Amino acid sequence: MSSAVSDRLPTFPWDKLEPYKKTAAAHPDGIVDLSVGTPVDPVPDLIQKALIDAADSPGYPTVWGTPALRDAITGWLERRLGAREVTHRHVLPIVGSKELVAWLPTQLGLGPDDRVAFPRLAYPTYEVGARLARAQYEVYDDPTTLDPTNLRLLWLNSPSNPTGRVLSKAELTRIVAWARRHGVLVLSDECYLELGWEADPVSVLHPDVNGGSYEGVVAVHSLSKRSNLAGYRAAFLAGDPAVLGPLLEIRKHGGMMTSAPTQAAVVAALGDDVHVREQRERYAARRTLLREALLSHGFRIEHSEASLYLWATRDESCWATVADLAARGILVAPGDFYGEAGERFVRVALTATDERVRAAVERL
């Protein structure tokens, strides 16, 4: 029976990269892995301390999280995103954002008669989630051109993974208004929102976008990138209580609870903006070095005004680019992992140490 579920899924894309990883690893000075956007910098001390202080947690945590956690989330939403009148009913902790993306269509009760839409270039797990629910799925350039019939879930992703493109406030406002007219639930993946470089990303939770109402709108946020907490699996949803309330009940039955020490760590992380600024500065410096090196090496970079990636091309097959860079000991992600429209691009992550970034720059 398990094979029947796995048969619904595409080949895990990262497995295709293994031969190129071996080539890059054979470089005399070692591999520079710019393929996966996994944090490499230390977890800030105040977050580690909060985790350690909560280590003696023998009882079960709650799915909804502690009141302190919900307070921390609502406070951050208002302080950082400009959201208004956010209560505990408007938030829901989750066990990392990927888990939510993969299982949300199933938890919403979607099935073969329902449709899920996501950007033409997108994080592969949006498609995986639709497949797991046996729902139909399609890609878009402009979601307002979609046929809304049976369209139950519309994924937005700004800043985008992989392209770093940012949707303007006007674009978000137009899309939310269209979705509401047609009764389509908007899920906005905003995990890179605090990493804007040449643009200032805006949340769908901002009143200028949603008109002061959270009806039909939910945002997904993660602490993996902004606080180096990928290993903690710390994220949350915020938005329409009519959506989050039933999800909370489902997740109670499923035991989808964030560990108590992690909840304490999130409280500390959301209450401190200093470590976020420091991490942004690290990524900004790496971005400048890698961007200049890629441009000098003959690449063209598109979008990339935010997030942790440079979306680069030499107008050749992405796999030819991957092979060439692997021969230099540099591993990047092929663009077709994110859709056919990426077949001539590669995604270059900023998530390597300063020393490894300098090595990549020297090789380029």
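This text follows the structure it describes.
Values in this document were obtained by computation on a predicted structure and should not be read as measured data. In this numbering scheme, every chain counts its residues from 1 along its sequence in written order. Local features are withheld for residues below a pLDDT of 70 in this predicted model, meaning they are given only at 70 or higher, and side-chain atom pairs are given and counted only at 80 or more; totals for whole chains, interfaces and linings count all residues. Note that the side-chain values use all heavy atoms of the structure and ignore hydrogens as well as water.

As a further point, take the overall build of the chain. Secondary structure summary: the chain contains 13 helices and 13 strands in total. What the globule rule says is 2.2 Å times the number of residues to the power 0.38, and the radius of gyration is computed from C-alpha atoms. Relative to the globule expectation of 21 Å for 364 residues, the C-alpha radius of gyration of the chain, 20 Å, shows essentially globular dimensions. Principal-axis analysis of the C-alpha atoms gives the chain an extent of 55 × 50 × 45 Å. Within the chain, the proportion of its 364 residues that are buried is 54%. Sequence separation of at least 24 residues holds for 75% of the intrachain contacts in the chain that already meet a minimum separation of 6. In the structure as shown, the chain presents an accessible area of about 15,300 Å², 53% of it carried by carbon and sulfur atoms. Computed over 40 positive and 46 negative side-chain charges, the inter-centroid distance for the chain is 1 Å. A helix here means a DSSP run of H or I that spans at least four residues, while a strand means a run of E at least two residues long, and both kinds are numbered starting from the N terminus. Exposure classes here rest on a 1.4 Å probe applied to the protein chains alone. A residue is buried below 20% of its type maximum, exposed above 50%, and partly exposed in between. In this description, contact between two residues means that some pair of their heavy atoms is separated by no more than 4.5 Å. Throughout, the Shrake-Rupley method with a 1.4 Å probe supplies accessible areas, and for residues the shown protein chains are the sole cover considered. A positive count includes Lys and Arg, and a negative count includes Asp and Glu. His and the chain ends are not counted in either. Working definition for charges: the position is that of NZ of Lys, CZ of Arg, CG of Asp or CD of Glu.

Before going further, it helps to spend a moment on the layout of surface pockets. Definitions used throughout: a 1 Å grid over protein atoms alone; a cavity as a set of points that fits a 1.4 Å probe which cannot get out; a pocket as an open set with protein on both sides within 12 Å along at least five of seven lines; a lining residue as one with an atom within 4 Å of a point. Grid points are joined across faces, edges and corners, and a volume is the space filled by probe spheres set on the points. The volume enclosed by the largest pocket comes to roughly 1,200 Å³. If you go around the largest pocket, you meet 46 residues; those closest to its centre are Trp14, Lys98, Tyr123, Pro124 and Thr125. Within the residue set of the lining of the largest pocket, elements represented by two or more residues are helix H5 (97-107), strand S3 (115-119), helix H6 (125-132) and strand S4 (136-140). At five residues, H5 tops the list of elements feeding residues into the lining of the largest pocket. Across the lining of the largest pocket, the residue classes break down as 26 nonpolar, ten polar and ten charged. Roughly 410 Å³ of internal volume is contained in the second largest pocket. Lining the second largest pocket are 22 residues, and of these Pro119, Arg120, Tyr140, Asp141 and Arg165 sit closest to its centre. It is helix H7 (residues 169-181) that contributes the most residues to the lining of the second largest pocket, three residues altogether. Its residues assigned to classes, the lining of the second largest pocket comprises eleven nonpolar, four polar and seven charged. Residue classes follow a fixed rule: Ala, Val, Leu, Ile, Met, Phe, Trp, Tyr, Cys and Pro count as nonpolar, while Asp, Glu, Lys and Arg count as charged, and any other residue, Gly among them, counts as polar.

The next point concerns the sheet that holds strand S5 (residues 151-157). The criterion for strand pairing is that DSSP finds at least two bridges linking the strands in question. One open sheet accounts for seven strands, arranged S2-S8-S7-S6-S5-S3-S4; its pairing is mixed. Because the sheet does not close on itself, it has two edges, and the strands there are strand S2 (91-94) and S4. Shown here is a sheet whose adjacent strand axes are inclined to one another by a mean of 20°, direction ignored. Here five bridges tie S5 to strand S6 (residues 185-189), and the two strands are oriented parallel to one another. The partner of Leu153 across the bridge, within S6, is Leu185. Inter-axis angles, ranging from 0 to 180 degrees, are taken between N-to-C directions of lines fitted to C-alpha atoms, where helices are fitted over the stretch in contact. Where helix H4 (residues 67-81) meets the sheet, it contacts S2, strand S7 (217-222) and strand S8 (235-239), and its direction lies at approximately 110° from that of S2.

This paragraph deals with the nonpolar core. Core analysis: the biggest nonpolar cluster contains 65 residues, and Leu34, Trp155 and Leu237 have the highest contact counts within it. Among the elements that line this core, the one with the most residues is helix H12 (residues 318-327), at five residues. Excluding residues that lie within four positions of it along the chain, Trp155 makes contacts with Leu100, Val101, Leu104, Val116, Ala117, Phe118, Pro119, Tyr126, Tyr140, Leu187 and Val220. Listed in part, the 43 residues of the second largest apolar core include Leu69, Val86, Tyr140 and Leu205. As used in this record, nonpolar core signifies buried Ala, Val, Leu, Ile, Met, Phe, Trp, Tyr and Cys residues forming a set joined through side-chain atoms within 4.5 Å.

Before going further, it helps to spend a moment on the packing of aromatic side chains. Only centres within 6.5 Å qualify two rings of Phe, Tyr or Trp (six-membered ring in Trp) as a pair; their planes then separate them into stacked at under 30 degrees, edge-to-face at over 60, and tilted for everything else. With the rule as written, the count across this model stands at twelve aromatic pairs. Each ring, one from Tyr20 and one from Trp319, has its centre 5.3 Å from the other, and the planes form 40°; the classification is tilted. Here Tyr20 is found in helix H2 (residues 18-25), whereas its partner Trp319 is found in helix H12, with 299 residues between them in sequence. The partly exposed category is assigned to Tyr20, whose relative accessible area is 24%. An angle of 80° between the planes, with centres 6.5 Å apart, marks the rings of Trp311 and Tyr338 as edge-to-face.

Moving on: the sheet that holds strand S9 (residues 300-302). Reading across the sheet, the four strands line up as S9-S10-S13-S12 and stay open at both edges, with antiparallel pairing between neighbours. Single-partner strands in this sheet number two, and they are S9 and strand S12 (333-334). Two strands pair when backbone bridges link them, and strand S10 (residues 309-313) and strand S13 (residues 346-349) are joined in this way by four bridges, in the antiparallel orientation. The residue of S13 that forms the bridge with Tyr309 is Ala349. Running at roughly 0° to S10, helix H11 (residues 274-296) makes contact with S9, S10 and S13 of the sheet.

It is worth spelling out the packing of H11 against helix H13 (residues 354-363) at this point. Where H11 meets H13, the axes come as close as 9 Å, and the angle between the chain directions of the two elements is 10°. When the interaxial angle is binned, H11 and H13 end up roughly parallel. Crossing of H11 over H13 shows left-handed handedness. Counting all contacts with H11, which are made through Arg286, Leu289, Leu290 and Ala293, the residues of H13 involved are Asp354, Val357, Ala360 and Val361. Considered class by class, the residues forming the contact of H11 with H13 number six nonpolar, no polar and two charged. Working rule for angles: under 35 degrees goes down as roughly parallel, over 145 as roughly antiparallel, 65 to 115 as roughly perpendicular, anything else as oblique. Crossing chirality is assigned from the near helix's rotation relative to the far helix, an anticlockwise turn below a right angle marking it left-handed and a clockwise turn marking it right-handed.

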